[in-house]
Amino acid sequence: MNKRKAALVVMIILVAAGFSMYLGSHTLYGNDQESIVRVIQSIEGYEDKPIEILRITDFKDVRIVGFLYNDWPAQITFYKNSTGNYKWQSIEVRQGETVSTFFPILPDSIRPKLMYVSSGENKTTVTQVDVNGQMIEQEVPPNKASVIWVDLPQTGGNY
């Protein structure tokens, strides 16, 4: 009888320990819009302002999300881990701007792109960016929160 009771106690301890380890190491992933908001709110310094997801774009195993953080343009980058979940890698917010340009790091097989994120307060209608001597002009809808992706011109070197 003592061996059965001891085995039962050990089994209960192992189950309880496993359950507490699972709860203690529960990682948030950006697998859908709702979980992306939870991930952003879990990052230190991003807990207390409104978040509006504007666009989620996947490039192979990289997910780029354009969003507004307290009405400021922002982007967060996720990468797909070995279990197929999207874990956050980097986040940027441009405080005090109504339209911002981001240059996210994409997989090598994807042509480099710029991402424009604008808030509903944006009055700018056209932006211009010089990329290796080539002027890229992009229309941005005024007074509308949006995300626009622009392919960068082919170059023989770095951008």
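Since we're looking at a predicted model, the values are computed, not measured.

Enquirer: Explanation requested: the overall build of the protein chain in the structure shown.
Expert: Along its length, the protein chain carries 2 helices and 9 strands. Element order for the protein chain, N to C, with α for helix and β for strand: α-α-β-β-β-β-β-β-β-β-β. Evaluated residue by residue, the protein chain yields a buried proportion of 35% over its 159 residues. Sequence-distant contacts, at least 24 apart, represent 41% of the contacts inside the protein chain between residues at least 6 apart. For the protein chain, the accessible area works out to roughly 10000 Å², and carbon and sulfur atoms hold 52% of it.

Enquirer: What is the right way to look at the pairing of strand E4 (residues 86–93) in this model?
Expert: Regular strands place their side chains on alternate faces of the sheet. Of the strand pairs in this sheet, strand E3 (residues 72–80) and E4 are connected by 7 bridges, and their pairing is antiparallel. If you follow Thr77 over to E4, its bridge partner there is Ser90. In textbook terms, the turn of a hairpin is the stretch between consecutive antiparallel strands, and for E3 and E4 this stretch comprises 5 residues, one of which, Gly84, has a positive phi near 90°.

Enquirer: Please explain the side chain of Thr77 as it appears in this structure.
Expert: Checked against the element boundaries, Thr77 lands in strand E3. Taking relative accessible area as the criterion, Thr77 reaches 5% and is therefore assigned buried. Residues in contact with Thr77, not counting those within four places in the same chain, are Val62, Arg63, Ile64, Lys87, Trp88, Gln89 and Ser90.

Enquirer: What exactly am I supposed to notice about the sheet that holds strand E1 (residues 51–59) here?
Expert: Sheet strands line up and pair through hydrogen bonds in the backbone, either parallel or antiparallel. What the 4 strands build is an open sheet, ordered E1-E2-E3-E4; its pairing is antiparallel. Because the sheet does not close on itself, it has two edges, and the strands there are E1 and E4. Adjacent strand axes in the sheet meet at a mean angle of 20°, parallel and antiparallel pairs treated alike. Taken together, the 8 bridges between E1 and strand E2 (residues 62–69) define a ladder with antiparallel strand orientation.

Cut-offs used in this document
- Residues numbered from 1 in each chain as written.
- Predicted model: local features only at pLDDT ≥ 70, side-chain atom pairs only at ≥ 80, totals over all residues.
- Heavy atoms only, no water.
- Helix = DSSP H or I, 4+ residues; strand = E, 2+ residues; numbered from the N terminus.
- Buried < 20%, exposed > 50% of the residue type's maximum accessible area, 1.4 Å probe, protein only.
- Contact = heavy atoms within 4.5 Å.
- Areas by Shrake-Rupley, 256 points an atom, 1.4 Å probe, with all protein chains shown as cover.
- Pairing = 2+ DSSP bridges.
- Axes fitted to C-alpha atoms, helices over the stretch in contact; angles between N-to-C directions.

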